[in-house]
Amino acid sequence: MEWIVALAAGVALSAASGLRAFLPLFALGVAGRLGWLDLQSQVEWLTSNPALVCFGVATVLEITADKIPVVDHALDAIATPLRPLAGALAAYAVFVHWPTPWGQIVALILGAGSLLVHVAKAKIRLGSSAVTLGTGNPVVSAAEDGIALSIVVVAIVLPIVAAIVLIVLAWMLLRRRRTLPPSEASVSSAHDRS
């Protein structure tokens, strides 16, 4: 189960890196620092003060610069090689229980997926630039910010939500079993054993 949750989080984080290179890394650092998420021991440096400041500033600069026509295209050109690296690093960071070399291999594949998300985003931007002469790009950029942030939050919170759902389901089953009449409870427990 931990592998599947980590894979889902890795896919989501690498996809978000295709939209915003630094936001997933900053969010992972914050989540790791607050103890909300375990990170691979090799990337625990993401929780350090210098990394948090660096990725925090980079996130703000990336989001801000992406709202300025012409600068957004230059930023995309510069960030193109960074996005697969950021996607692979973000995915690998959550593969805590994956054995070597599988965590690294899957993270590299997901990093390539970041590039595919980035290429799709770039095509949308080109269409927006052609239709609105670049004036619509800040709106498209804001939508990308919202999507990237939503993806990152779900990727980080999902394991917590899954644990809460499992606890609630277990509590409901135990409660139901206690409220059943004795004859139904024995039938239910006999059925559970088979």
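Colleague: Give me the layout of surface pockets: which residues, what numbers.
Modeller: Here the second largest pocket is characterised by a volume of approximately 150 Å³. Around the second largest pocket, the lining comprises 12 residues; the ones closest to its centre are Ala27, Trp36, Val152, Val153 and Ile156. Elements with a minimum of two residues in the lining of the second largest pocket: α2 (23-33) and α7 (137-179). Looking at the lining of the second largest pocket element by element, the count peaks at six residues for α7.

Colleague: Residues and numbers for the packing of helix α1 (residues 2-19) against helix α6 (residues 102-132), please.
Modeller: In a pair of packed helices, the angle between the axes and the distance between the axes together describe the arrangement. Following both chains from N to C, one finds α1 and α6 inclined at 40 degrees, their axes separated by 7 Å at the closest point. Between α1 and α6 lies a crossing of right-handed hand. Residues Leu7, Gly10, Val11, Ser14, Ala15, Ser17, Gly18 and Leu19 of α1 form the contact with α6, whose participating residues are Val106, Leu110, Ser114, Val117, His118 and Lys121. The class makeup of the residues in the contact of α1 with α6 is seven nonpolar, six polar and one charged.

Colleague: Describe the environment of Ile4, naming the residues involved and giving the relevant values.
Modeller: Summarising the element assignment, Ile4 is placed in helix α1. Assessed through its relative accessible area of 59%, Ile4 is described here as exposed. The spacing of Ile4 and Phe95 is 91 residues in sequence and 9.8 Å in space, taken between C-alpha atoms.

Colleague: Could you give an account of the confidence of the model for the protein chain, with specific residues and numbers?
Modeller: Mean pLDDT over the protein chain: 84, with 85% of residues reaching 70 or higher. Across the protein chain, the element-wise mean pLDDT spans from 49 in helix α8 (residues 182-193) up to 96 in α2. Taken together, the stretch residues 185-194 has pLDDT below 50 and engages in six contacts with residues farther than four places along the chain or on a different chain.

Colleague: Can you explain the environment of His73? Please cite residues and give values.
Modeller: Structurally, the position occupied by His73 is in helix α4 (residues 71-79). Owing to a relative accessible area of 31%, His73 belongs among the partly exposed residues under this scheme. In this structure the C-alpha to C-alpha distance between His73 and Arg125, which are 52 residues apart in sequence, comes to 8.5 Å. Beyond its immediate stretch of four places on either side in the chain, His73 contacts Arg125, Ser129 and Asn137.

Colleague: Report on unusual backbone geometry, specifying residues and quantitative values.
Modeller: With an omega of 5 degrees, the peptide bond between Thr100 and Pro101 qualifies as cis. Tracing the chain through its elements places Pro101 in the loop between α5 (82-94) and α6.

Colleague: Pulling in residues and values, what's your account of the packing of aromatic side chains?
Modeller: This structure, assessed with the given rule, holds four aromatic pairs. Aromatic pair Trp3 and Trp98: ring centres 5.2 Å apart, planes at 20 degrees, arrangement stacked. Within this pair, whereas Trp3 is found in helix α1, its partner Trp98 is found in the loop between α5 and α6, the two being separated by 95 residues in sequence. Look at Trp3 and you get partly exposed, because its relative accessible area is 43%. Relative to Phe55, the ring of Trp45 has its centre 6.3 Å away and its plane inclined at 35 degrees; by these criteria the two rings are tilted. Placement of Trp45 in the loop between α2 and α3 (49-65) and of Phe55 in helix α3 is noted, with a sequence separation of 10 residues between them. Residue Trp45 is classed as partly exposed on the basis of its relative accessible area, which comes to 41%. Members of the aromatic cluster, connected to one another through ring pairs, are Trp3, Phe95 and Trp98.

Colleague: Describe the pattern of salt bridges, and please don't skip the residues or the numbers.
Modeller: Pairing between side chains of opposite charge can happen when the charged atoms of each approach one another. Inspection of every chain in the model, using the stated rule, returns eight salt bridges. Residues Arg20 and Asp66 are paired through a salt bridge, measuring 2.9 Å at the closest nitrogen-oxygen approach. Taken together, the residues span a long stretch of sequence, with Arg20 in the loop between α1 and α2 and Asp66 in the loop between α3 and α4 at a distance of 46 residues. For the pair shown, Arg20 and Asp66 are each scored as buried. We note a salt bridge from Arg20 to Glu144, for which the minimum N-O separation is 3.3 Å. Here Arg20 is found in the loop between α1 and α2, whereas its partner Glu144 is found in helix α7, with 124 residues between them in sequence. One exposure class covers both Arg20 and Glu144, and it is buried. Counted as one network, the salt bridges with shared partners bring together Arg20, Glu62, Asp66, Lys67, Asp76, Arg83, Lys121, Glu144 and Asp145.

About the thresholds
Residues numbered from 1 in each chain as written. Predicted model: local features only at pLDDT ≥ 70, side-chain atom pairs only at ≥ 80, totals over all residues. Heavy atoms only, no water. 1 Å grid on protein atoms, 1.4 Å probe; cavity = no way out; pocket = protein on both sides within 12 Å on 5 of 7 lines; lining within 4 Å. Points joined across faces, edges and corners; volume = space filled by probe spheres on them. Helix = DSSP H or I, 4+ residues; strand = E, 2+ residues; numbered from the N terminus. Axes fitted to C-alpha atoms, helices over the stretch in contact; angles between N-to-C directions. Left-handed = near helix turned anticlockwise from the far one by under 90°. Contact = heavy atoms within 4.5 Å. Nonpolar A, V, L, I, M, F, W, Y, C, P; charged D, E, K, R; others polar. Buried < 20%, exposed > 50% of the residue type's maximum accessible area, 1.4 Å probe, protein only. pLDDT = per-residue confidence, 0-100. Phe/Tyr/Trp six-rings, centres within 6.5 Å; stacked < 30°, edge-to-face > 60°. Salt bridge = Lys/Arg side-chain N within 4 Å of Asp/Glu carboxyl O.

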